[in-house]
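# Structure assessment
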Amino acid sequence: MIRWFIFRGFWIRIAVVCCGILSFCIQSMHLLRVLLRLELIMLGLFFRYVISQNLVGGDIYLGLVILTLRVCEARLGLSLLISIIRSHGTDYVTGFSIY
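Residues numbered from 1 in each chain as written. Predicted model: local features only at pLDDT ≥ 70, side-chain atom pairs only at ≥ 80, totals over all residues. Heavy atoms only, no water.

Relative to the 40 Å expected for 28 residues at 1.5 Å per residue, helix α3 (residues 61-88) spans 40 Å between its end C-alpha atoms, a close match to the ideal helical length. Buried within α3 we find Gly63, Arg70, Gly77 and Leu81. The elements touched by buried residues of α3 are α2 (31-56). Where α3 terminates, the next one or two residues include Gly89, which has phi positive at roughly 85°. (Helix = DSSP H or I, 4+ residues; strand = E, 2+ residues; numbered from the N terminus. Expected span 1.5 Å × (residues − 1). Buried < 20%, exposed > 50% of the residue type's maximum accessible area, 1.4 Å probe, protein only. Contact = heavy atoms within 4.5 Å.)

Now the structure itself:
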């Protein structure tokens, strides 16, 4: 029973990461949606790491470091989103130019 649950959970975590990557590649119109998809991918990878470390009896301290980096990434993304909306007036990704 426990092995079935772990196996099922493994495929669910892989599906979360794959759906996040797929939706990130296909539909990236608004910057906020792009940031949310990146958070979904990072959350799926974080869960995969924590559960795999629990299965082998390893440390989860690196998981706390990953979680801290996720928080910093989210904060930086939201501050960039606010500054881009203030300067451009919209958050459409297609409206940004590199030059």
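Let's shift gears to the confidence of the model for the chain. Across the chain, the average pLDDT comes to 77, with 84% of residues at or above 70. Highest mean pLDDT in the chain belongs to α3 (85); lowest belongs to helix α1 (residues 2-26) (70). (pLDDT = per-residue confidence, 0-100.)

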